Amino acid sequence: MQCFESEPLRLASGESLGNITVAYETWGTLNAEKSNAILLCHTLTADSHAAGPDGWWDDYVGPHKAIDTTRYYVLCTNVLGSCKGSTGPTSDAFPVITIEDMVAVQHACIQQLGIEQLAAVIGGSMGGMQALTWSLCYPDALRLCIPIACTSRLSTQALAFNAIGRQAILNHQRDGLVLARMLGHTTYLSGDLLADRFGRDLQDAKPDYSYNFINDFQIESYLHYQGTKFKDQFDPYSYQYLSKAISYFDLDRRYGDLKTAFANTTAQHFFIAISSDWLYPVSESKRMVQALVELGKPVRYATLHSPYGHDGFLLANEQLSQLLRSAL
Amino acid sequence: MIGFQDSIVNEIHQGARVLDLGCGNGEFMELLIQTKQVIAYGIDIDPNNILTCLNKGLNVIEHDINSGLDLFSPNTFDVVIFSETLQEIKDPVATLDAILRIATTCIISFPNFAFLPNRIQGLLGRTPQSASLPHSWFESPNIRFLSIYDFKQFCHRHAIELVKPLPLFNAAWLNAIIPHCLDNLVAPRGRFIIQRQA
């Protein structure tokens with residue numbers, strides 16, 4: 001889909017971007033009233049392929065699944081700045097984009113499809129930031145907002161991890177992606193999970209250390225595998241731009257405080273945070289819950305009890321299925 | 001005289017901002033929404049209760065009261081309902097202090113350890129079990145054992161005003177014939193409206 005063809009999108013940075021291509025996928029059927037559409041927002045490195053074989057949320061999206069495609073028309077667009085079919089950087093000449101810019105593009109797509117109001121916007125991690133932005137920037141364009149494993153702003157520690165990832169890419173271009181991914185992946189998992197799965201076990205059940213700089217521990221070869229695989233699947237420029245976009249995301253700064261941020265929202269909010277997520281911890285979601293309670297607005301919050309850390313919402317989990325079902 | 005639930009409903013004004021601490025399956029929130037059109041939020045720690053409330057469309061927040069109530073700013077609510085939970089709280093002083101910080105008024109109920117059948121069981125050398133203390137010692141979530149008398153003393157010492165005692169029995173006729181001075185002996189539960197002392 002093409003948007004901003006006649007008039008370019010004015011970006012948060014002040015620059016403009018026109019003729020934007022958006023890759024998207026849909027599941028289910030849009031009803032006559034166009035009232036049953038759900039927008040799924042993907043994470044930093046994912047794409048529009050949410051459901052179906054190899055879909056990043058296939059456990060939750062499909063006929064009679066938690067997000068039931070026999071009832072809902074489900075859409076997922078690849079975000080602006082990504083490298084999975086939508087317009088994104090091919091060099092550092094591309095303007096820096098923000099989460100608000102990504103959502104402006106999604107909003108234009110939804111309007112092109114003739115949808116006035118979405119039944120829900122659902123997303124985890126960076127997708128949660130998009131869901132929140134929908135509710136704040138286009139309050140009448142959605143009825144339900146479900147940010148999962150999300151935050152209103154990155155912690156200093158999370159900013160630091162992002163900076164290291166980007167520096168690796170600045171220094172080593174595509175090879176830097178390996179390090180960025182190894183680091184990122186570690187932050188998406190919990191320490192307990194890593195200990196459970198890999199412990200200090202040695203690679204190939206070797207009896208002793210190699211006394212060399214090859215991968216000795218299982219965790220080393222696991223991360224190396226993840227990093228190398230990622231290197232061929234993602235674009236280093238896209239990674240830089242998207243990492244910058246989540247680093248810039250800060251509702252407190254943008255609106256003064258969270259109460260002001262949510263003041264004009266009309267959608268129902270349902271926050272889900274993951275018990276073992278130390279990157280975007282439970283307390284971050286609860287800060288936003290607090291703001292909505294103080295405004296007397298409808299809000300719900302549940303903890304997803306998962307040992308898998310920040311990425312826990314991407315794995316099959318019966319509790320998450322039940323929570324999503326209950327909200328829809 | 002009227003029963004307990006009705007008496008609470010009567011105490012809550014139309015459209016009040018209500019927080020139900022330990023809201024369970026959300027039954028009471030539903031009642032208050034129906035009868036008083038309140039803006040109700042519930043807090044519970046049990047994921048099954050959270051799911052039940054979500055399915056009823058209630059504003060429920062999964063949270064452990066023992067981890068504090070800093071989640072809310074002062075005077076966020078008109079009323080906090082704190083029903084049958086005090087006896088499970090690690091730090092009752094801090095919790096009651098927090099409740100009366102985030103709300104003007106608290107409606108509280110707790111099992112009365114000095115209830116006559118409990119006293120008799122105690123004298124017989126057994127850990128009391130009764131309608132308001134239904135658990136065996138090895139499975140009880142209760143960690144605080146207090147009587148109505150204890151609670152009154154506590155409030156006095158901690159600058160908490162007992163605005164009024166609420167009807168103690170679910171059956172209206174019992175409330176009509178039993179005077180409040182016998183509460184500590186004959187009531188299975190203590191039920192009060194409390195506020196911070198002015």
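Residues numbered from 1 in each chain as written. Chains lettered and ligands numbered in written order. Predicted model: local features only at pLDDT ≥ 70, side-chain atom pairs only at ≥ 80, totals over all residues.

### Here's the deal with the environment of Val80(B)
Residues and elements named next belong to chain B.
Alright, step 1. Assignment of secondary structure puts Val80 in strand β4 (residues 77–83).
Alright, step 2. For the pair Val80 and Thr52, spaced 28 residues apart in sequence, the C-alpha to C-alpha distance is 21 Å.
Alright, step 3. Residues contacting Val80, with those up to four places away along its chain left out, are Leu19, Leu21, Ile99, Ile102, Ala103 and Cys106. (Helix = DSSP H or I, 4+ residues; strand = E, 2+ residues; numbered from the N terminus. Contact = placed C-beta atoms within 7 Å.)

### A closer look at the packing of helix α3 (residues 156–188) of chain A against helix α5 (residues 218–231) of chain A
Residue and element names in this part refer to chain A.
Alright, step 1. The interhelical angle for the contact between α3 and α5, taken along N-to-C directions, is 130°, at an axis separation of 8 Å. Judged by the inter-axis angle, α3 sits oblique to α5. At the point where α3 passes α5, the crossing takes the right-handed sense. Across from Arg174, Leu177, Val178, Leu179, Arg181, Met182, His185 and Thr186 in α3, the residues of α5 making contact are Leu223, Gln226, Gly227, Thr228, Phe230 and Lys231. (Axes fitted to C-alpha atoms, helices over the stretch in contact; angles between N-to-C directions. Parallel < 35°, antiparallel > 145°, perpendicular 65-115°, else oblique. Left-handed = near helix turned anticlockwise from the far one by under 90°.)

### Section: the pairing of strand β6 (residues 37–41) of chain A
Residues and elements named next belong to chain A.
Alright, step 1. Most of β6 is tucked away, with 5 of its 5 residues classed as buried.
Alright, step 2. Here β6 shows no split at all, with Ala37, Leu39 and Cys41 on one side and Ile38 and Leu40 on the other all buried.
Alright, step 3. Pairing between β6 and strand β9 (residues 73–77): 4 bridges, direction parallel. Residue pairing in the sheet places Leu39 in a bridge with Leu75 of β9.
Alright, step 4. Pairing of β6 with strand β10 (residues 120–124) involves 4 bridges; the strand directions are parallel. Counted as the bridge partner of Leu40 is Ile122 from β10. (Buried ≥ 20, exposed ≤ 12 C-beta atoms within 10 Å, placed from the backbone. Pairing = 2+ DSSP bridges.)

### Thoughts on unusual backbone geometry
Alright, step 1. Positive phi, close to 65°, is recorded for Asp54(A), a residue that is not glycine.
Alright, step 2. You can call Asp54(A) exposed: it has 7 C-beta atoms within 10 Å.
Alright, step 3. The phi dihedral of Asn75(B) falls on the positive side, at around 55°, and the residue is not glycine.
Alright, step 4. Tracing the backbone shows Asn75(B) in the loop between β3 (59–62) and β4.
Alright, step 5. By the C-beta count within 10 Å, which is 12 here, Asn75(B) ends up exposed.

### A closer look at the interface of chain B and chain A
Alright, step 1. Taken together, the contact pairs 16 residues of chain B with 18 residues of chain A.
Alright, step 2. If you list the elements that add at least two residues to the side of chain B that touches chain A, you get β2 (39–44), α3 (47–55) and β3 of chain B.
Alright, step 3. Here the side of chain B that touches chain A gets 5 residues from one element, more than from any other, and that element is α3(B).

### Here we look at the nonpolar core
Alright, step 1. Counting residues in each nonpolar core, the largest one holds 147 residues, and the members touching the most others are Ile38(A), Leu40(A), Val74(A), Leu118(A), Val121(A), Val80(B) and Ile99(B).
Alright, step 2. When residues in this core are grouped by element, the largest group, 7 residues, is from α3(A).
Alright, step 3. In terms of domain composition, this core takes at least three residues from each of domain 1 (2–155 + 249–327) and domain 2 (156–243) of chain A.
Alright, step 4. Once residues within four sequence positions are removed from consideration, Val121(A) is found in contact with Leu39(A), Cys41(A), Ala131(A), Trp134(A), Leu142(A) and Cys145(A). (Core = buried A, V, L, I, M, F, W, Y, C linked by C-beta atoms within 7 Å. Domains from an automatic or database assignment.)

Just geometry here; none of it tells us what the structure is for.
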